[in-house]
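Working through the structure, step by step
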Amino acid sequence: MTDFNRLIRYLAYTLELLVLFMLQETPGLLPTIFGSRPLLVLPAVLTIALFEKELPAMIFGIVGGLLLDFGLSGVMGFHALILAVPCFLVSLLAQVYLQVNIVTAVFMGIWTAGIVICLQWVFLYYFRGYSLPGYAFMHHHLPKYFYTLLFFPLVYLLNKGLFQALQDPNAAP
C-alpha cells in the first residue's frame, strides 16, 4: 500500500506542476506586475521538496526546471540544473534539521527563489551583454521575485494536504 500511495502522490505532484505551468503561461490569466508574471512552478517544486526525500525532490526540481525552460524560452536545461540543487538541499534540510511548517516554507522560498531569479538575471541577461542590466533587474526580475513569493503559502498548503492525504497510514509522523 505504501508504494501505491507514493505513486498516486507523485502523479498528483506531476499533475499539479502541469496545471501550475499552464496557469503561469496562459496570457492574460494572471495579472502582470511591471510586465512580469509569477513563476508558479518554482513554489511548487520547492514545497514538494519540503515533504519528499532528497532524490524525488531533486527529480521534481529537474522536471519543474524543464517546464520553466520550455516556458521562459531560455537555454534548455538551465532551470533544470539550478532547481535540482536547491530542491535537494531543501529536502535534506527538511529531513534532518527543520520542522516543516508554513514559516519555514516561506523562509525557504525567500532564499531559494532569490537565488534562482538572480541566477536567471546573471546568466540569461547580464552575461549576454544586454543594455541596462540594472534597469532590467529592478523593473523586471525583482517584481517577478516578489510576485512569486506571494504564492508560496498557498502552494505549501496544497502540497501539505496532498502529502498528508496520500502518505503511508502505517508510517510514524
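This report concerns the structure included in the present document. Model, not experiment: these values are computed from the prediction.

Conventions and cut-offs
Residues numbered from 1 in each chain as written. Predicted model: local features only at pLDDT ≥ 70, side-chain atom pairs only at ≥ 80, totals over all residues. Heavy atoms only, no water. Helix = DSSP H or I, 4+ residues; strand = E, 2+ residues; numbered from the N terminus. Rg over C-alpha atoms; globule rule 2.2 N^0.38 Å. Buried < 20%, exposed > 50% of the residue type's maximum accessible area, 1.4 Å probe, protein only. Contact = heavy atoms within 4.5 Å. Phe/Tyr/Trp six-rings, centres within 6.5 Å; stacked < 30°, edge-to-face > 60°. Salt bridge = Lys/Arg side-chain N within 4 Å of Asp/Glu carboxyl O. Expected span 1.5 Å × (residues − 1).

Our next topic: the overall build of the protein. Within the protein one finds 7 helices and 0 strands. Counting from the amino terminus, helix and strand elements in the protein follow one another as α-α-α-α-α-α-α. Here the C-alpha atoms of the protein give a radius of gyration of 16 Å, agreeing with the 16 Å that 2.2 N^0.38 yields for 173 residues. Considered along the principal axes of its C-alpha atoms, the protein spans approximately 60 × 35 × 30 Å. Out of the 173 residues belonging to the protein, those deemed buried represent 44%. Once local pairs closer than 6 in sequence are excluded, the contacts in the protein between residues at least 24 apart make up 72%.

On to the packing of aromatic side chains. Inspection of the entire model under this criterion finds 8 aromatic pairs. Between Tyr 13 and Phe 60, the aromatic rings sit 5.6 Å apart at their centres with planes inclined by 85°, giving edge-to-face as the arrangement. Of this pair, Tyr 13 sits in helix α1 (residues 2-25) while Phe 60 sits in helix α3 (residues 54-72), and the two are 47 residues apart along the sequence. This pair shows no difference in class: Tyr 13 is buried, exactly as Phe 60 is. Seen from their ring centres, Phe 51 and Phe 163 are 5.4 Å apart, and the 25° between their planes marks the pair as stacked. Taken together, the residues Phe 51 in helix α2 (residues 41-51) and Phe 163 in helix α7 (residues 152-165) connect sequence positions 112 residues apart. The class for Phe 51 is buried, based on a relative accessible area of 12%.

Before going further, it helps to spend a moment on the pattern of salt bridges. Applying the stated criterion across every chain, the model contains 3 salt bridges. Two residues, Arg 6 and Asp 3, come together in a salt bridge whose shortest N-O distance is 3.2 Å. Taken as a pair, Arg 6 and Asp 3 lie in helix α1 at a separation of 3 residues, close to a single helical turn. Arg 6 gets classed as partly exposed once you look at its relative accessible area, which sits at 33%. Taking relative accessible area as the criterion, Asp 3 reaches 56% and is therefore assigned exposed. With a shortest N-O distance of 2.7 Å, Arg 9 and Glu 52 are connected by a salt bridge. Of this pair, Arg 9 sits in helix α1 while Glu 52 sits in the loop between α2 and α3, and the two are 43 residues apart along the sequence. When sorted by exposure, Arg 9 lands in the same class as Glu 52, which is buried.

Bringing α3 into the picture now. Over its 19 residues, α3 runs 26 Å from end to end, which matches the ideal 27 Å to within 8%, given 1.5 Å per residue. Along α3, the positions that sit buried rather than exposed are Pro 56, Ala 57, Phe 60, Gly 61, Gly 64, Gly 65, Leu 67, Leu 68 and Asp 69. If you follow the buried residues of α3, they end up packed against α1, α2 and α4 (78-96).

Turning to the environment of Leu 149, a few remarks are in order. Within the secondary structure, Leu 149 sits in helix α6 (residues 133-149). A residue is classified by how much of its surface remains accessible, and Leu 149, at 17% relative accessible area, is buried. If sequence neighbours within four positions are ignored, Leu 149 has contacts with Gly 109, Ile 110 and Ala 113.

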